[in-house]
Amino acid sequence: MFKQVFRITFITFVWKQYKRAIVSTALLFGYLYLVGSLHEDYLNYAELEQGADVGFSFIMKWSALLLGVMVYFVYHFLRRSKSERADGKSPEPTLPGDENDPFAEIRKRKKLRSKAEMIIDKESKD
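Residues numbered from 1 in each chain as written. Predicted model: local features only at pLDDT ≥ 70, side-chain atom pairs only at ≥ 80, totals over all residues. Heavy atoms only, no water.

Peer 1: An account of the overall build of the protein is needed here, citing residue identities and associated values.
Peer 2: Looking only at helices and strands, the protein features four helices and zero strands. Helices and strands appear in the protein in the N-to-C order α-α-α-α. Expressed as a percentage of the 126 residues in the protein, the buried residues total 11%. Once local pairs closer than 6 in sequence are excluded, the contacts in the protein between residues at least 24 apart make up 49%. Accessible surface for the protein amounts to roughly 11700 Å². Of this, 64% is attributable to carbon and sulfur atoms. (Helix = DSSP H or I, 4+ residues; strand = E, 2+ residues; numbered from the N terminus. Buried < 20%, exposed > 50% of the residue type's maximum accessible area, 1.4 Å probe, protein only. Contact = heavy atoms within 4.5 Å. Areas by Shrake-Rupley, 256 points an atom, 1.4 Å probe, with all protein chains shown as cover.)

Peer 1: Can you explain the layout of surface pockets? Please cite residues and give values.
Peer 2: By volume, the largest pocket amounts to about 170 Å³. For the largest pocket, the full set of lining residues is Lys-16, Gln-17, Tyr-18, Lys-19, Arg-20, Ala-21 and Arg-79. Looking at the lining of the largest pocket element by element, the count peaks at six residues for helix H1 (residues 2–48). Residue classes in the lining of the largest pocket are distributed as two nonpolar, one polar and four charged. (1 Å grid on protein atoms, 1.4 Å probe; cavity = no way out; pocket = protein on both sides within 12 Å on 5 of 7 lines; lining within 4 Å. Points joined across faces, edges and corners; volume = space filled by probe spheres on them. Nonpolar A, V, L, I, M, F, W, Y, C, P; charged D, E, K, R; others polar.)

Peer 1: Just give me the short version of a nonpolar patch on the surface, but keep the residues and values in it.
Peer 2: A contiguous nonpolar patch, built from Trp-15, Tyr-18, Ile-22, Val-23 and Leu-27 and spanning about 500 Å² of accessible area, is present on the exposed surface. Relative to the elements of secondary structure, Trp-15 occurs in helix H1. (Patch = residues over 30% accessible without salt bridge, like charges linked within 9 Å, V, L, I, M, F, W, Y side chains within 5 Å. Salt bridge = Lys/Arg side-chain N within 4 Å of Asp/Glu carboxyl O.)

Peer 1: Any details on the environment of Ala-52? Residues and values, ideally.
Peer 2: Structurally, Ala-52 can be placed in the loop between H1 and helix H2 (54–87). On the basis of relative accessible area, Ala-52 is assigned to the partly exposed category, the value being 24%. Taking C-alpha positions, Ala-52 is 9.2 Å from Tyr-42, a pair spaced 10 residues apart along the chain. Once residues within four sequence positions are removed from consideration, Ala-52 is found in contact with Tyr-42 and Ala-46.

Peer 1: Give a detailed account of the packing of aromatic side chains, specifying residues and quantitative values.
Peer 2: Ring pairs (aromatic) are described by centroid distance and by the angle formed between their planes. Under the definition given, this model contains three aromatic pairs. A centroid spacing of 6.1 Å and a plane angle of 45° characterise the contact between Tyr-42 and Tyr-45, whose relative ring orientation is tilted. Residue Tyr-42 and its partner Tyr-45 are located together in helix H1, separated by three residues, close to a single helical turn. (Phe/Tyr/Trp six-rings, centres within 6.5 Å; stacked < 30°, edge-to-face > 60°.)

Peer 1: Describe the pattern of salt bridges, with residues and values.
Peer 2: Considering all chains together, one arrives at two salt bridges under this definition. The residue Arg-109 makes a salt bridge to Glu-105 at a minimum N-O spacing of 3.6 Å. When its relative accessible area of 43% is taken as the criterion, Arg-109 is described as partly exposed. We classify Glu-105 as exposed; its relative accessible area is 55%. In this structure, the salt-bridge partner of Asp-121 is Arg-113, at a minimum N-O distance of 3.5 Å. With relative accessibility at 32%, the residue Asp-121 sits in the partly exposed group.

Listed below in C-alpha coordinates is the structure:
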(Lines give C-alpha, C1' and ligand atoms only; values in the text may rest on other atoms or scores of the structure.)
Protein backbone atom coordinates (compact mmCIF):
# COMPACT_ATOMS: atom_id res chain seq x y z
CA MET A 1 0.00 0.00 0.00
CA PHE A 2 2.79 2.42 0.86
CA LYS A 3 4.48 1.56 -2.43
CA GLN A 4 1.41 2.75 -4.35
CA VAL A 5 1.13 5.92 -2.28
CA PHE A 6 4.81 6.63 -2.91
CA ARG A 7 4.36 6.11 -6.66
CA ILE A 8 1.34 8.40 -6.82
CA THR A 9 3.12 11.06 -4.78
CA PHE A 10 6.21 10.82 -6.96
CA ILE A 11 4.20 11.02 -10.19
CA THR A 12 2.23 14.00 -8.86
CA PHE A 13 5.43 15.80 -7.89
CA VAL A 14 7.02 15.17 -11.28
CA TRP A 15 3.85 16.25 -13.11
CA LYS A 16 3.53 19.49 -11.13
CA GLN A 17 7.20 20.31 -11.52
CA TYR A 18 7.62 19.44 -15.21
CA LYS A 19 4.10 19.68 -16.66
CA ARG A 20 4.92 22.32 -19.27
CA ALA A 21 8.08 20.56 -20.41
CA ILE A 22 6.30 17.20 -20.68
CA VAL A 23 3.36 18.64 -22.65
CA SER A 24 5.53 20.74 -24.96
CA THR A 25 7.86 17.80 -25.66
CA ALA A 26 4.88 15.55 -26.43
CA LEU A 27 3.53 18.24 -28.78
CA LEU A 28 6.93 18.49 -30.48
CA PHE A 29 7.06 14.73 -31.05
CA GLY A 30 3.49 14.80 -32.37
CA TYR A 31 4.37 17.66 -34.72
CA LEU A 32 7.48 15.85 -35.99
CA TYR A 33 5.44 12.70 -36.59
CA LEU A 34 2.72 14.69 -38.40
CA VAL A 35 5.22 16.40 -40.71
CA GLY A 36 6.90 13.08 -41.50
CA SER A 37 3.56 11.40 -42.13
CA LEU A 38 2.36 14.19 -44.43
CA HIS A 39 5.61 14.06 -46.35
CA GLU A 40 5.35 10.29 -46.74
CA ASP A 41 1.78 10.67 -48.05
CA TYR A 42 2.96 13.28 -50.54
CA LEU A 43 5.75 10.98 -51.72
CA ASN A 44 3.20 8.20 -52.26
CA TYR A 45 1.05 10.65 -54.26
CA ALA A 46 4.08 11.85 -56.24
CA GLU A 47 4.90 8.26 -57.13
CA LEU A 48 1.51 7.99 -58.85
CA GLU A 49 1.76 11.40 -60.53
CA GLN A 50 4.55 11.87 -63.05
CA GLY A 51 4.96 15.67 -62.87
CA ALA A 52 5.12 16.09 -59.06
CA ASP A 53 8.03 18.09 -57.61
CA VAL A 54 9.66 15.81 -55.02
CA GLY A 55 12.74 18.00 -54.35
CA PHE A 56 10.63 20.92 -53.19
CA SER A 57 8.72 18.62 -50.82
CA PHE A 58 11.97 17.64 -49.09
CA ILE A 59 12.86 21.31 -48.66
CA MET A 60 9.42 21.98 -47.18
CA LYS A 61 9.69 18.95 -44.88
CA TRP A 62 13.06 19.93 -43.43
CA SER A 63 12.02 23.58 -43.14
CA ALA A 64 8.93 22.53 -41.18
CA LEU A 65 10.99 20.23 -38.94
CA LEU A 66 13.55 22.95 -38.19
CA LEU A 67 10.79 25.48 -37.55
CA GLY A 68 9.12 23.15 -35.05
CA VAL A 69 12.36 22.51 -33.16
CA MET A 70 13.21 26.23 -33.14
CA VAL A 71 9.77 27.11 -31.75
CA TYR A 72 10.26 24.47 -29.05
CA PHE A 73 13.62 25.89 -27.96
CA VAL A 74 12.42 29.51 -28.12
CA TYR A 75 9.39 28.62 -25.97
CA HIS A 76 11.58 27.03 -23.30
CA PHE A 77 14.18 29.81 -23.41
CA LEU A 78 11.57 32.58 -23.08
CA ARG A 79 9.69 30.71 -20.35
CA ARG A 80 12.84 30.34 -18.28
CA SER A 81 13.88 33.98 -18.64
CA LYS A 82 10.33 35.21 -17.84
CA SER A 83 10.16 33.08 -14.70
CA GLU A 84 13.51 34.46 -13.54
CA ARG A 85 12.26 38.02 -14.04
CA ALA A 86 8.94 37.28 -12.30
CA ASP A 87 10.66 35.74 -9.27
CA GLY A 88 12.98 38.71 -9.02
CA LYS A 89 16.01 36.47 -9.20
CA SER A 90 19.05 37.87 -10.90
CA PRO A 91 21.04 35.52 -13.08
CA GLU A 92 24.30 36.69 -11.51
CA PRO A 93 25.39 35.18 -8.20
CA THR A 94 25.40 37.35 -5.09
CA LEU A 95 28.74 39.04 -4.57
CA PRO A 96 30.36 39.07 -1.10
CA GLY A 97 30.06 42.87 -0.78
CA ASP A 98 26.30 43.07 -1.41
CA GLU A 99 23.99 44.21 1.39
CA ASN A 100 21.63 41.32 0.69
CA ASP A 101 24.34 38.72 1.18
CA PRO A 102 23.07 36.25 3.81
CA PHE A 103 26.54 34.79 4.36
CA ALA A 104 28.42 38.06 4.95
CA GLU A 105 28.45 37.55 8.74
CA ILE A 106 29.85 34.03 8.37
CA ARG A 107 32.62 35.23 6.05
CA LYS A 108 33.73 37.85 8.61
CA ARG A 109 34.32 35.26 11.34
CA LYS A 110 37.93 34.31 12.00
CA LYS A 111 37.11 30.75 13.03
CA LEU A 112 34.08 28.64 12.10
CA ARG A 113 32.85 26.21 14.75
CA SER A 114 30.26 23.47 14.61
CA LYS A 115 27.53 22.86 17.18
CA ALA A 116 29.51 19.94 18.56
CA GLU A 117 32.53 22.17 19.21
CA MET A 118 30.31 24.70 20.98
CA ILE A 119 28.82 21.99 23.22
CA ILE A 120 32.29 20.65 24.08
CA ASP A 121 33.54 24.14 24.93
CA LYS A 122 30.46 24.80 27.05
CA GLU A 123 30.93 21.52 28.98
CA SER A 124 34.64 22.14 29.53
CA LYS A 125 33.90 25.59 31.05
CA ASP A 126 31.44 24.12 33.55
